[in-house]
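Working through the structure, step by step
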Amino acid sequence: MSETHRRDIDMAEIDACVFDAYGTLFDTSSAAERCRAGIGAEWQQFAALWRRKQLEYTWLRSLMGRHTDFWHVTAEALDYAFAASKRSDPQLRAALMQQYLALAPFPGVAELLAGLKAARKQTAILSNGSPTMLTAVVNAAGLARLLDAVLSIEAVGVYKPHPSVYQLATERLGVA
């Protein structure tokens, strides 16, 4: 970025920091990693395909105006990953779905959120996840006390990047 377009961020000007949950605060591949014995050596490719399909399905559903909650989308994407790898294992599928409710946070997430809270910044999650999924993953990681809000797109019924999703954060946190 050129110096004429670069602007240093002044933290004093920032009132709130809003994060996506999946892939930003929480490692979506951690579910497959925990079940790697059942998936096999290709667990990373399996996890990547599962995540890619999950995102693609949200985009398609938004374009088609056919919303369903993220838990359902996550299951559909997992089923695609199983079919693509030519496997069927109901117990492994159930274990992977259960693990999605307790994804590992990326290293340093708790420290980052604690630092923002210490600096008196509002912190929030704005996610495609359903409220139940988000509550589970935030609680499993012990991050609830570090967040002022956990916002789900379910309130507007359309996935990111629809503009109405981002309005949820500005309204809830009272920021522009």
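You'll find the structure just up there.
Keep in mind the model is a prediction, meaning the values are calculated, not measured.

Following both chains from N to C, one finds helix H3 (residues 43-64) and helix H4 (residues 70-84) inclined at 130°, their axes separated by 8 Å at the closest point. Comparing the axis directions of H3 and H4 gives the class oblique. The handedness of the crossing between H3 and H4 comes out as right-handed. For the pair formed by H3 and H4, the contact residues are Phe46, Leu49, Trp50, Arg51, Lys53, Gln54, Tyr57, Thr58 and Arg61 on the first element and Phe70, His72, Val73, Thr74, Glu76, Ala77, Leu78, Tyr80, Ala81, Phe82 and Ala84 on the second. Within the contact of H3 with H4, the residues separate by chemical class into twelve nonpolar, four polar and four charged.

Of all the residues in helix H5 (residues 90-100), the buried ones are Leu92, Leu96, Met97 and Tyr100. Within H5, the buried residues cover an arc of 135° as seen down the axis, which keeps them to one side. Pointing more than 90 degrees away from the buried face of H5 are the exposed residues Pro90, Gln91 and Gln98.

Here we take up H3. Here H3 spans 31 Å end to end across 22 residues, near enough to the 32 Å set by a 1.5 Å rise per residue. What H3 keeps buried is the set Trp43, Phe46, Ala47, Leu49, Trp50, Arg51, Lys53, Gln54, Thr58 and Arg61. Tucked into the core, H3 has its buried residues touching helix H1 (30-34), helix H2 (36-39), H4 and H5. Following H3 by one or two positions, Gly65 has its phi on the positive side, about 70°.

Tallied over the entire structure, the rule returns five aromatic pairs. Taking 5.2 Å as the distance between ring centres and 50° as the angle between the ring planes, the aromatic pair formed by Trp50 and Tyr100 counts as tilted. Remark: Tyr100 occurs in helix H5 and Trp50 occurs in helix H3; sequence separation between them is 50 residues. For Trp50, a relative accessible area of 1% corresponds to the buried category.

Rules behind the numbers
Residues numbered from 1 in each chain as written. Predicted model: local features only at pLDDT ≥ 70, side-chain atom pairs only at ≥ 80, totals over all residues. Heavy atoms only, no water. Axes fitted to C-alpha atoms, helices over the stretch in contact; angles between N-to-C directions. Helix = DSSP H or I, 4+ residues; strand = E, 2+ residues; numbered from the N terminus. Parallel < 35°, antiparallel > 145°, perpendicular 65-115°, else oblique. Left-handed = near helix turned anticlockwise from the far one by under 90°. Contact = heavy atoms within 4.5 Å. Nonpolar A, V, L, I, M, F, W, Y, C, P; charged D, E, K, R; others polar. Buried < 20%, exposed > 50% of the residue type's maximum accessible area, 1.4 Å probe, protein only. Arc of directions from axis to C-beta. Expected span 1.5 Å × (residues − 1). Phe/Tyr/Trp six-rings, centres within 6.5 Å; stacked < 30°, edge-to-face > 60°.

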